[in-house]
Amino acid sequence: MKTDYDIVIVGGGMVGSAIACALGGSRYRIAVIEGQYPDAYETGQPHDLRVSALSVASETLLRNIGAWDGVLSRRACPYRRMKVWESHESAATLFDSEQIGEAYLGHIVENRITQLALLETLKQHENIDLICPAKTLNIDYSPGSSLVQLDDGRELLARLLIGADGGESRVRQAAGIGISKWDYDQQALVASVITDYPQQDITWQQFTATGPLAFLPLNGPHASLVWYNTPDEVKRLLALSDEAFLQALHQRFPACLGKISQLLERGAFPLRRQHAQRYIVEGVALAGDSAHMIHPLAGQGVNIGFMDAAMLAEVLLQAASENHDAFYSEEVLSRYQQARRSQNLLMMQTMDAFYRVFSTENPPLKLLRNLGLGLAERLPFAKPHVTRYAMGLEGPVPQLARRDG
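The following paragraphs examine the structure supplied in this document. In this numbering scheme, every chain counts its residues from 1 along its sequence in written order. Only residues with pLDDT of at least 70 are given local features in this predicted model, and only at 80 or more are side-chain atom pairs given and counted; all residues enter the totals for whole chains, interfaces and linings. Note that the side-chain values use all heavy atoms of the structure and ignore hydrogens as well as water.

### Overview of the sheet that holds strand β12 (residues 179-195)
Piece 1. The pairing criterion for strands is at least two bridges between them, as found by DSSP. Only DSSP runs of H or I with at least four residues qualify as helices, and only runs of E with at least two residues qualify as strands; both kinds are numbered from the N terminus onward. Taken in spatial order, the eight strands of this open sheet run β6-β5-β13-β14-β15-β12-β16-β19, and their pairing is mixed. Each edge of the sheet is formed by a strand with only one pairing partner; in this case those strands are β6 (93-96) and β19 (292-293).
Piece 2. Summarising the sheet, strand β5 (residues 81-85) and strand β13 (residues 202-206) pair through five bridges and their orientation is parallel. Across the sheet, the residue bridging to W85 is Q206, located in β13.

### Comments concerning the packing of aromatic side chains
Piece 1. For Phe, Tyr and Trp, where Trp contributes only its six-membered ring, two rings pair if their centres lie within 6.5 Å, and the inter-plane angle classes them as stacked under 30 degrees, edge-to-face over 60, or tilted in between. Counted by the stated rule, this structure contains seven aromatic pairs.
Piece 2. Among the aromatic residues, those joined into a ring-pair cluster are W85, W204, F215, W227 and F253.
Piece 3. Charge over a ring is defined by NZ of Lys or CZ of Arg lying within 6 Å of the ring centre and within 35 degrees of the ring normal. In this arrangement the basic side chain of R50 is found over the ring face of F269, its NZ or CZ atom lying 4.1 Å from the centre.
Piece 4. When the ring centre of F245 is taken as reference, the NZ or CZ atom of R266 above it lies at 4.5 Å.

### Some details on the pairing of strand β7 (residues 106-110)
Piece 1. For each residue, the accessible area found with a 1.4 Å probe, counting protein chains only, is set against the maximum for its type, and the residue is called buried under 20%, exposed over 50%, and partly exposed in between. Most of β7 sits inside the fold, with five of its five residues counted as buried.
Piece 2. Alternating residues of β7 divide into G106, I108 and E110 and H107 and V109, and every residue in both groups is buried.

### Observations concerning the environment of H107
Piece 1. The residue H107 is located in strand β7 in this model.
Piece 2. Take H107: its relative accessible area is 6%, and that puts it in the buried class.
Piece 3. In this structure the C-alpha to C-alpha distance between H107 and V56, which are 51 residues apart in sequence, comes to 8.0 Å.
Piece 4. Other than its neighbours up to four places away in sequence, H107 contacts S52, A53, L54, E59, W68, A76, C77, P78 and Y79. Any two residues whose heavy atoms approach within 4.5 Å are treated as being in contact.

### A short note on the pattern of salt bridges
Piece 1. We define a salt bridge as a contact between a side-chain nitrogen of Lys or Arg and a carboxyl oxygen of Asp or Glu at a distance within 4 Å. Scanning the model with the defined rule gives 19 salt bridges in all.
Piece 2. Of the charged contacts, one joins R112 and D48 as a salt bridge, the two residues approaching to 2.7 Å between their closest N and O atoms. In this pair, R112 is assigned in helix α4 (residues 111-122) and D48 in the loop between β2 (30-33) and β3 (51-55), connecting sequence segments 64 residues apart.
Piece 3. Its relative accessible area of 21% is what places D48 among the partly exposed residues.
Piece 4. The shortest N-O distance in the salt bridge between R236 and E233 comes to 2.8 Å. Placement of the pair is R236 and E233 together in helix α6 (residues 231-239), with a separation of three residues, close to one helical turn.
Piece 5. Judged by relative accessible area, R236 falls into the partly exposed class, the value being 44%.
Piece 6. Several salt bridges converge on common partners, so that one network encompasses E102, R388, E394 and R403.

### A word on the pairing of β2
Piece 1. Residues I30 and V32 line one face of β2 and the alternating positions A31 and I33 line the opposite face, and both faces are buried.
Piece 2. Relative to β2, strand β1 (residues 2-10) is paired through four bridges, and the arrangement is parallel. Residue V10 lies in a different strand from β2, and its bridge partner there is I33.
Piece 3. What joins β1 to β2 is helix α1 (residues 14-22), and the crossover it makes is right-handed.
Piece 4. Of the strand pairs in this sheet, β2 and strand β8 (residues 128-131) are connected by four bridges, and their pairing is parallel. What sits directly across from A31, in β8, is D129. A crossover gets the label right-handed when its path from the first strand over the helix to the second runs clockwise, viewed with the strands pointing away from the viewer.

### Regarding the packing of helix α2 (residues 56-64) against helix α8 (residues 301-321)
Piece 1. With axes taken as lines fitted to C-alpha atoms, and helix axes fitted only over the stretch in contact, angles between N-to-C directions fall between 0 and 180 degrees. Close contact between α2 and α8 brings their axes to 9 Å; oriented N to C, the two are set at 40°. With respect to each other, α2 and α8 are oriented oblique. The element α2 and its partner α8 pack so that their crossing is left-handed. For the pair α2 and α8, the contacting residues are A57, S58, L61 and L62 in the first and N303, F306, M307 and A310 in the second. When an angle is under 35 degrees it counts as roughly parallel; over 145 it counts as roughly antiparallel; between 65 and 115 it counts as roughly perpendicular; any other value is oblique. Crossing chirality is assigned from the near helix's rotation relative to the far helix, an anticlockwise turn below a right angle marking it left-handed and a clockwise turn marking it right-handed.

### Describing the sheet that holds β7
Piece 1. Pairing is antiparallel in the open sheet, where three strands are placed in the order β3-β7-β4. Only two strands of the sheet have a single partner each, and these edge strands are β3 and β4 (77-79). In this sheet, adjacent strand axes meet at a mean angle of 30° when their direction is disregarded.
Piece 2. Where β4 and β7 come together, three bridges link them in antiparallel fashion. Across the sheet, the residue bridging to C77 is I108, located in β7.
Piece 3. α4 rests against β3 and β7 of the sheet, and its axis sits at about 90° to β7.

### Overview of the packing of α1 against α8
Piece 1. Two elements in contact, α1 and α8, have axes whose closest approach is 9 Å; the angle formed by their N-to-C orientations is 30°. By the angle between their directions, the pair α1 and α8 is classed as roughly parallel. When you trace α1 past α8, the crossing you get is right-handed. Counted together, M14, V15, A18, I19 and A22 of α1 and V302, G305, F306, A309, L312, A313 and L317 of α8 form the full contact between these two elements.
Piece 2. Residues were grouped as follows: Ala, Val, Leu, Ile, Met, Phe, Trp, Tyr, Cys and Pro as nonpolar; Asp, Glu, Lys and Arg as charged; and all remaining residues, including Gly, as polar. For the contact of α1 with α8, the per-class residue count stands at 11 nonpolar, one polar and no charged.

### Describing helix α7 (residues 242-252)
Piece 1. Within α7, burial applies to F245, L246, A248 and L249. The arc that holds every buried residue of α7, seen down its axis, measures 160°, which confines them to one face. For α7, the exposed residues set more than 90 degrees away from the buried face come down to E243 and Q251.
Piece 2. In this structure, the buried residues of α7 make contact with β12, β15 (222-229), α6 and β16 (260-276). To obtain the arc, one takes the directions from the helix axis to the C-beta atoms.

Here is the structure:
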């Protein structure tokens, strides 16, 4: 049996479910396909390994689509300061929300909690069907009439197919959209720990030749540590006993980390740079990791995915207000691609430049980057703009993610 939908979103993760929520209550009949519903949240349970630093723009989007209260009712940790340095912490560049009259720079939130809040919200909309758990067996792409076959035998017919199904996107492959990609010679080792320090409001990052060392505060004395290193070294570190691993953390991480009283969990994931050659074709739009994957150096991966969601929803809502029957056409969707692809490419190139500059021990480059970090601290007029841009308070921000919008 075939069920007709205006829009089928393949992938109900953070980005896919945000698109659906933004279109909740619209004229579109929407289906969201998700492979597995996230585990329920229980007060006091351990923090997940996978967390994201949500910008103020991402928070604004979640507020505007009705999901932010669902995040705060579970747990989220605001951070008010961000410190960045290389050789010596005394020469660090400090970004402080007080300096720009803001209460905080952003929130550290577990990915599962954000997804739970979004799925909870989208289920409140009568025009959205959440099909979960369900696996996509096959996608037969046809402009304006794509067929999605599920593992339970159901078939969904979509006028617009939205790919929010990750780096190996089946939607992207079905539509014949190519990608450029390469793997970084680096992996991210993530550790969930408890420190002797109480609740902290600062996130920091120290650059080293093998990659940054980062601290992300969580609720209470909990924290997430990120240790970027070569694949071989990450493999060695993961094989260590808990005691030996804690000793390695204390030896390698700066003194401002303090003493770690408990290691809760650790894991690692590879780093890839990937970009779709197009974000749209007739009847298809890509968003989030389906369209782009960047180095997580500045923690902008999910934030630019949320800006994709906001912009794509804005384009589709405008088409609905104009009673545009061909909302799935390249003519309509091109506005989304024009707004987001060049912006995301710029962010990717910036992260690549940081990766290359900070991955060398070349003396002139070391001097240059130390001067650069020091200069950033000494430019009182420039730093507030950098801070507000990173928060999504300045620059090309979609309407749904603008605090004044």
